[in-house]
Amino acid sequence: MAAFSFGFWRFATENENYIFPILFSLLGSYYFIKSYAQKKYDLKYILASGLFATIACLYHQIHIFWFIGLFFGWIWIDKTSGLKRGILFAGTFIIAPVIYFLVILFYLHQNLSWFSVTRFVFHDYYIGAAGNTFGFNNVLLGAINFIRTFFQVHGQMLVMISRHKIWLLPGVIAIGFMIRAIIDLTTFKKLSNLKGPKMNIIVKIHLLILLLQLAFAVYNIGNAEFMIMIPALLAIILVGMKRIPMSSLAFIAVAMLIWNFTYGIYPNNSLHFNADAQVTAFVIEHPKDKFIASEPAIILNQYYYQEGHWPENVWPGPDYYKLHGPVSELKTKIDSALKSGGNIYTDCTGRPEVMSRGSMLFSSKDFFKPYNLKNTVATFETDAGKHVIVKIYP
């Protein structure tokens, strides 16, 4: 079930950096669970669990919540206060600052200081990539991305079905497997006469980790990358509770496999609903001109993979600023560049109209009304329509 979740498949193919730390966090949990199952709280299990949980944090700081959960788990593992175990577990985290200091000194070639260390550790927060506000969009995008962590839901599905009705068939089959899973679950509960969930320490700790991860993801404007470990955590919880039959989990897994491969992995690989590759090539061909990207993360990553460094001429579009900062900041940049005689291009108003969470919440067209966008400089055909790049004039 965890392996076939859309979030796992999505980032395994788009940004694998979020996948690797899950392995190490799971290894941290493995030694915790093994120790609990054997009722042996040996030093080797504590140190192994801490070491792997720390390595996960070194891959990505978001796994600090998994580390915190295991920390409390080692304290409470035998239903008594095990502060010594907790201290031993936490002691393995000393590796993290040592690695940070080495990177700052020998890779970034910076002096160790409060400023350099905090800027390195909390880089995304300082540049605005991590949320520091909370509002309705956090909750809405959090709910949408929570669902999409398990099942692909996107406007490109409507494009596929509108072109060929045969694309409905895999969806119907997947829904059939889900119905069968629900039937098995209902039957299992009736036959077993269960009165309530069984919450052992394994379930409690991983439920705590899941809630911490989910809360932080919602705080970060429903960040999908921060929810990617939730299916793995949920799998541990469900198996630990022993309240769901394996047949139901198997049918759910098959449904996720069919649905997510059909509407997520296959179209992303073989169909083209946008021309982001061509847009990236355009940016590379115009290094002295500014480009306002509708999907800045995609363009930046593709540029980096091709050129080996981040572009200095790409600005995020207004949708990004509506979530992460004042939109007026982008307007100031545009006006300043135009006054200095620079060229500015954008695809924000020219992407194919495919319904997505972004299109539901924002509209870039209103932002560009004060500017002249009549000069089309490039048009690319996609499976969803035309992807257009225009030049911005005062």
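Everything in this summary refers to the structure shown in the same document.

Thresholds applied
Residues numbered from 1 in each chain as written. Predicted model: local features only at pLDDT ≥ 70, side-chain atom pairs only at ≥ 80, totals over all residues. Heavy atoms only, no water. Core = buried A, V, L, I, M, F, W, Y, C linked by side-chain atoms within 4.5 Å. Buried < 20%, exposed > 50% of the residue type's maximum accessible area, 1.4 Å probe, protein only. Helix = DSSP H or I, 4+ residues; strand = E, 2+ residues; numbered from the N terminus. Contact = heavy atoms within 4.5 Å. Patch = residues over 30% accessible without salt bridge, like charges linked within 9 Å, V, L, I, M, F, W, Y side chains within 5 Å. Areas by Shrake-Rupley, 256 points an atom, 1.4 Å probe, with all protein chains shown as cover. Salt bridge = Lys/Arg side-chain N within 4 Å of Asp/Glu carboxyl O. Pairing = 2+ DSSP bridges. Axes fitted to C-alpha atoms, helices over the stretch in contact; angles between N-to-C directions. Arc of directions from axis to C-beta. Polar contact = N/O pair within 3.5 Å; in protein donor to acceptor, adjacent residues only side chain to side chain. Phe/Tyr/Trp six-rings, centres within 6.5 Å; stacked < 30°, edge-to-face > 60°. Lys NZ or Arg CZ within 6 Å of the ring centre and 35° of its normal.

## Looking at the nonpolar core
Ranked by size, the top nonpolar core spans 38 residues in total, and within it F32, W74, F89, I228 and M229 carry the most contacts. For this core, the secondary structure elements donating two or more residues are helix 2 (20-38), helix 3 (43-59), helix 4 (64-76), helix 12 (201-219) and helix 13 (230-241). Among the elements that take part in this core, helix 12 stands out by supplying seven residues, more than any other. Leaving out residues up to four positions away in the same chain, F32 has contacts with S49, L70, G73, W74, I77, I201, I202, I205 and H206. By size, the runner-up hydrophobic cluster in this structure holds 16 residues, among which are W315, L330, L338 and I344.

## So, a nonpolar patch on the surface
Side chains of L51, I94, I95, V98, I99, F101, L102, L105, F106 and L112 sit close together on the surface and give an oily, nonpolar patch of about 840 Å² of accessible area. At seven residues, the largest contribution of residues to the nonpolar patch is made by helix 6 (residues 95-106). Inspection of the secondary structure assignment puts L112 in the loop between helix 6 and helix 7 (114-121). Given the relative accessible area of 42%, L112 is considered partly exposed.

## Details of the sheet that holds strand 1 (residues 290-293)
Hydrogen bonds between backbone groups are what pair the strands of a sheet, and the pairing can be parallel or antiparallel. As summarised here, the arrangement of the five strands in space is 2-1-3-5-4, forming an open sheet in which the pairing is mixed. Of all strands in the sheet, those with a lone pairing partner are strand 2 (314-316) and strand 4 (372-382), marking the two edges. The average undirected angle you get between the axes of adjacent strands in this sheet is 25°. Relative to strand 3 (residues 344-346), strand 1 runs parallel, the two sharing three bridges. For K290, the partnering residue across the bridge sits in strand 3 and is I344. Lying on the sheet, helix 15 (residues 276-285) is in contact with strand 1, strand 2, strand 3, strand 4 and strand 5 (385-393); it crosses strand 5 at an angle near 25°.

## Comments concerning helix 15
Among the residues of helix 15, D276, V279, T280, F282 and V283 are the ones counted as buried. Projected down its long axis, helix 15 carries its buried residues within an arc of 155°, all on one side. In this structure, the buried side of helix 15 is in contact with strand 1, helix 16 (296-307), strand 2, strand 3, strand 4 and strand 5.

## Looking at the environment of I75
Here I75 lies in helix 4. Accessibility expressed as a relative area gives 10% for I75, which makes it buried. Residues I75 and P267 lie 192 residues apart in sequence; the distance between their C-alpha atoms is 47 Å. Not counting chain neighbours up to four residues away, the residues in contact with I75 comprise T80, S81, G82, L83, R85 and G86.

## Some thoughts on the environment of D335
Topologically, D335 is positioned in helix 18 (residues 327-339). Placed 36 residues apart in sequence, D335 and Y371 show a C-alpha to C-alpha distance of 9.8 Å. Polar contacts involving the side chain of D335 include one to the side chain of Y371, which spans 2.8 Å.

## What to know about the pattern of salt bridges
This model, assessed by the stated rule, comprises eight salt bridges. D383 is the salt-bridge partner of R163, the closest N and O atoms lying 3.9 Å from each other. Taken as a pair, R163 in helix 10 (residues 156-163) and D383 in the loop between strand 4 and strand 5 lie far apart in primary sequence, 220 residues in all. The partly exposed category is assigned to R163, whose relative accessible area is 48%. The partly exposed category is assigned to D383, whose relative accessible area is 23%. For D366, the salt bridge is made with K369, and the minimal N-O distance between the two is 3.5 Å. Of the residues examined, K369 reaches a relative accessible area of 64% and is grouped as exposed. Here the salt bridges do not stand alone but share partners, grouping D276, D347 and R351 into one network.

## So, the pairing of strand 5
Sheet topology note: the strand 3/strand 5 ladder contains two bridges and is antiparallel. Residue Y345 lies in a different strand from strand 5, and its bridge partner there is K391. Alignment of strand 4 against strand 5, held across eight bridges, turns out to be antiparallel. Within strand 5, the position partnered with T382 by the bridge is G385. Two successive antiparallel strands, strand 4 and strand 5, enclose a turn made up of two residues.

## Topic: the side chain of N200
With respect to the helices and strands, N200 occurs in the loop between helix 11 (168-192) and helix 12. Engagement of the side chain of N200 in a polar contact is seen with the backbone nitrogen of V203, the distance being 2.9 Å.

## Let's talk about the packing of aromatic side chains
If you walk through the whole model with that rule in mind, you get 29 aromatic pairs. The interplanar angle of 20° and the centroid separation of 6.4 Å between the aromatic rings of F24 and F52 together place this pair among those described as stacked. Taken together, the residues F24 in helix 2 and F52 in helix 3 connect sequence positions 28 residues apart. Every member of this aromatic cluster is reached through a ring pair, and the members are F20, F24, Y30, Y31, Y45, F52 and Y59. K39 extends its terminal NZ or CZ atom over the ring of Y36, reaching a point 3.9 Å from the ring centre. Lying over the aromatic face of Y41, R85 brings its terminal NZ or CZ to 5.4 Å of the ring centre.

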